[in-house]
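Structural characterization, general
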Amino acid sequence: MGADNGEADADVIVIGAGPGGICTAIQLRQAGIDDVLVLERSSGVGGTWFNNRYPGLACDVSTDLYSFSFFLDHEWVRPFATRAEIVEYMEAAVDRFGVRDTIRLDTHVVSARWDDDAGRWNLVDAGGGRWTARVLVGAVGMFNEFVPPAIPGLDTFAGPVTHTAEWPDDELGFLVGRRVSVIGTAASATQVVPAIAPHAGHLSVFQRTSNWVFPKEHGLYTEQQRRDRREDRSVIEAGRAKAARELDDLFADLDNEAKTAEQSAVALGNLEAVRDPAIREALRPTARLGAQRPLLSSEFYDAFNRADVTLVTSPIVEVTPTAVRTADGVDHPTDHIVLATGYLAHKFLSVVDVAGRDGVALRDKWADGAYAYLGMTVEDFPNLFMLYGPNTNGGSIIDKLETQTRYIVGKTTYLLKNDVHALEVRPEIVTGYNAQLQADIGAVRAWQVEGSRYYRAPSGRVVTQCPYTVVEYDRMTRVDDLDAYAVTFAEPS
Ligand SMILES: Cc1cc2nc3c(=O)[nH]c(=O)nc-3n(C[C@H](O)[C@H](O)[C@H](O)COP(=O)(O)OP(=O)(O)OC[C@H]3O[C@@H](n4cnc5c(N)ncnc54)[C@H](O)[C@@H]3O)c2cc1C
């Protein structure tokens, strides 16, 4: 590694220190690859869980499963961890597995260019720092970009407008006694609404599409449970296996009518918490189960039993300096707008200006929607891999990240040990993989109907979802596929 005063050369550079980037650094080190740098734009590690700070943010996957398979003995205090507890876990992983020295915080990578003569990636960060690497791993996650919704007049609003992704550190004080409008009723809204309702003077919640909301176990482990988990590892293993089965079941076989009827009944039972029949009807999900991301909360519906919470279903037409105006002509007086409107989930690594062979831009290549081979690598971009890339969403994300890390570490080890100049997936392999993938996606009826918009690129292609179970996907990445790549070796010097 060269001198590291904001610039350095490394064998491998990873962009992003979320769960994926941390896992990659650990697995690379364990494979004996020491010359690794992780560049992270934020001032801490943990990715999603470090960057998002809205009240109520917690994991909807049991922590037994939302843990690295190689770090299961962390002492979790509850079955579904809060954001702060996951950051603590990621911090602990960084120290336990000795990768803190690889991480450079406050380093926002703005561009990455492939130099075919040198066989290296050249990176530039927002401060003008320059970095080079033989192998580049994009671990920027799927949910790092958002834009305010295109609501006429939003920019004329006199009070503060806060996107959930920009929330100042779990803060609640500034909402006390205020009239707050929450726009959106999907994933972040199901968490933020019950968390802020007791503090706001009045809460208006604007719903465009109702969602499937399943009950979620909450509360802390008892002392006895914590002791059992500490003393008997099989308790955690069993919890992990159960959570994996349940999650796979939720995402797999979406067209099985009997199964979805059974699952729907569970979510509709949760909805029964709403006492007012008209509000209950308005919150009743209408999209086919599976068309949207299933949500988990045992507190969201109950929030609508409060006299100071109003559900608004008339579409928003504009925002005035003092109110949110809906199509029925009603002005909803507002002091503070909260945007729970989600992320641009279709951009993946193209949030960075990446240029591959002959200067081809990743953004241009993906103009019709992102795609990749196994969700990890694209033709014309040698020695480049992605985690949580196109069509890898679904099931246990930590398991997926581990699967991808294993694959990428395998290819990186081959590349470095054999003095490979460029390892580049063959175009026909990428085309063939994606033709099959899109056919498999096309066969999932639940994804063809009007539902969650975030699955699709603006072109309409489903780019986020993986039609394969975690186990199937893992199997696909374990075949010896070196012949899927064109390999050129470094000239002897
Ligand atoms: C609000 C929210 C709630 C979620 N809840 C759940 C849940 O309950 N269960 C679940 O399974 N998943 C959940 N997810 C998905 C979650 O993102 C993944 O589970 C997991 O965090 C993915 O890890 P990652 O490392 O791939 O990406 P991330 O965690 O997104 O980490 C990516 C990192 O890359 C950094 N980065 C991005 N661009 C650059 C750049 N140009 N230069 C340098 N660094 C950069 C980011 O700052 C970030 O630290 C949630 C996501 C969000 C946004």
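Conventions used here
Residues numbered from 1 in each chain as written. Predicted model: local features only at pLDDT ≥ 70, side-chain atom pairs only at ≥ 80, totals over all residues. Heavy atoms only, no water. Near = heavy atom within 4 Å. Polar contact = N/O pair within 3.5 Å; in protein donor to acceptor, adjacent residues only side chain to side chain. Areas by Shrake-Rupley, 256 points an atom, 1.4 Å probe, with all protein chains shown as cover. Helix = DSSP H or I, 4+ residues; strand = E, 2+ residues; numbered from the N terminus. Nonpolar A, V, L, I, M, F, W, Y, C, P; charged D, E, K, R; others polar. Buried < 20%, exposed > 50% of the residue type's maximum accessible area, 1.4 Å probe, protein only. Contact = heavy atoms within 4.5 Å. Axes fitted to C-alpha atoms, helices over the stretch in contact; angles between N-to-C directions. Parallel < 35°, antiparallel > 145°, perpendicular 65-115°, else oblique. Left-handed = near helix turned anticlockwise from the far one by under 90°. Core = buried A, V, L, I, M, F, W, Y, C linked by side-chain atoms within 4.5 Å. Domains from an automatic or database assignment. Pairing = 2+ DSSP bridges. Expected span 1.5 Å × (residues − 1). Phe/Tyr/Trp six-rings, centres within 6.5 Å; stacked < 30°, edge-to-face > 60°. Lys NZ or Arg CZ within 6 Å of the ring centre and 35° of its normal. Buried area = accessible area lost by both parts, 1.4 Å probe. Salt bridge = Lys/Arg side-chain N within 4 Å of Asp/Glu carboxyl O.

Let's shift gears to the site of the ligand. Close to the ligand lie 33 residues; Gly20, Glu40, Thr48, Asp60 and Tyr66 are nearest. Glu40 is positioned with one of its side-chain polar atoms (N or O) 2.6 Å from an oxygen atom of the ligand. The contact in question runs from an oxygen atom of the ligand to an N or O atom on the side chain of Thr48, over 2.6 Å. Expressed as a share of its isolated accessible area of 970 Å², the protein-covered part of the ligand is 97%. Of all the secondary-structure elements, those providing two or more residues to the shell around the ligand are helix H1 (19-30), helix H2 (48-51) and helix H11 (397-417). Of the residues forming the shell around the ligand, the biggest block, three residues, is contributed by H2. When grouped by side-chain class, the residues that make up the shell around the ligand number 18 nonpolar, twelve polar and three charged.

On to the environment of Thr107, then. Mapped onto the elements, Thr107 comes out in the loop between strand S3 (103-104) and strand S4 (109-115). Judged by relative accessible area, which is 8%, Thr107 ranks as buried. Separated by 43 residues in the primary sequence, Thr107 and Ala150 place their C-alpha atoms 30 Å from one another. Once residues within four sequence positions are removed from consideration, Thr107 is found in contact with Leu39, Glu40, Arg41, Asp125 and Trp131. Separated by 3.5 Å, the side chain of Thr107 and the backbone oxygen of Arg104 make a polar contact.

Looking now at the packing of H1 against helix H3 (residues 83-96). Interhelical geometry of H1 versus H3 gives an angle of 15 degrees and a closest axis separation of 10 Å. With respect to their mutual orientation, H1 and H3 come out roughly parallel. In the packing of H1 onto H3, the handedness of the crossing is left-handed. Residues Pro19, Ile22 and Ile26 of H1 touch H3, and the partners they reach there are Met90, Ala93 and Val94. Counted by class, the contact of H1 with H3 contains six nonpolar, no polar and no charged residues.

Ranked by size, the top nonpolar core spans 130 residues in total, and within it Leu123 and Leu203 carry the most contacts. Looking at this core element by element, the count peaks at eight residues for H11. For this core, the domains that each give at least three residues are domain 1 (7-145 + 345-489) and domain 2 (154-212 + 257-339). The contacts of Leu203, once residues within four sequence positions are left out, are Val180, Val182, Val193, Ile196, Ala197, Asp308, Val309 and Thr310.

Another point: the pairing of strand S6 (residues 130-138). Of all the nine residues making up S6, eight are buried; the element is thus mostly covered by neighbouring parts of the structure. Sheet topology note: the strand S1 (residues 8-15)/S6 ladder contains seven bridges and is parallel. Bridging across to S6, Asp9 finds its partner in Thr132. Where strand S5 (residues 120-125) lies against S6, four bridges are found, and the strand directions are antiparallel. Counterpart to Trp121 in the pairing with S6 is Ala133. Hairpin connection of S5 to S6: four residues between the antiparallel strands, including Gly128 at a positive phi of 90 degrees. Examined bridge by bridge, S6 and strand S18 (residues 384-386) share three bridges and lie parallel to one another.

Taking 1.5 Å as the rise per residue, H11 with 21 residues should run 30 Å; its terminal C-alpha atoms sit 30 Å apart, in good agreement. Among the 21 residues that make up H11, 16 are buried, leaving the element largely enclosed by the rest of the structure. Immediately beyond the C-terminal end of H11, within one or two residues, lies Asp419, with a positive phi of roughly 50 degrees.

Next up on the list: the packing of aromatic side chains. Within this structure, the stated rule accounts for 18 aromatic pairs. Consider the rings of Phe71 and Tyr89, whose centres lie 4.7 Å apart with planes at 15 degrees: the pair is stacked. Of this pair, Phe71 sits in the loop between H2 and H3 while Tyr89 is found in helix H3, placing the two residues 18 residues apart along the sequence. Like Phe71, the residue Tyr89 is buried in the burial classification. The interplanar angle of 75 degrees and the centroid separation of 5.7 Å between the aromatic rings of Phe71 and Phe97 together place this pair among those described as edge-to-face. One end of the pair, Phe71, is in the loop between H2 and H3; the other, Phe97, is in the loop between H3 and S3, and 26 residues separate them in sequence. Chaining the aromatic ring pairs together yields one cluster made of Phe68, Phe70, Phe71, Trp76, Tyr89 and Phe97. Just above the ring of Tyr473 sits the side chain of Lys400; from NZ or CZ to the centre is 5.8 Å. Positioned over the ring face of Tyr407 is Lys411, at 4.3 Å from the centre of the ring.

A few words now on the sheet that holds strand S9 (residues 202-206). Pairing is parallel across the open sheet formed by five strands, whose spatial order is S7-S16-S8-S9-S12. Looking at the sheet topology across the chains shown, the edges are occupied by strand S7 (161-163) and strand S12 (309-312). When the angles between neighbouring strand axes are averaged without regard to direction, this sheet yields 20 degrees. With three bridges joining them, S7 and strand S16 (residues 336-339) adopt parallel strand pairing. Considered in S16, the bridge of Thr162 is made with Val338. Contacts from helix H4 (residues 187-196) reach strand S8 (179-183) and S9 within the one sheet, and its direction differs from that of S8 by about 170 degrees.

Here the focus is the domain arrangement of the chain. Interface size is commonly expressed as the accessible area that is lost once the parts come together. Partitioning the chain into structural domains gives domain 1 (7-145 + 345-489) and domain 2 (154-212 + 257-339). A straight line from the C-alpha centre of domain 1 to that of domain 2 covers 32 Å. Between domain 1 and domain 2 lies a buried interface of about 1,800 Å² when both sides are counted; carbon and sulfur atoms form 48% of it. The largest share of the area that domain 1 buries against domain 2 comes from Arg53, Tyr54 and Pro55, three residues that together contribute 35% of it. In this assembly, domain 1 and domain 2 are joined by four salt bridges. In this structure, the salt-bridge partner of Asp169 is Arg53, at a minimum N-O distance of 2.7 Å. Along the contact surface separating domain 1 from domain 2 lie eight residue pairs in polar contact (both at pLDDT 80 or more).

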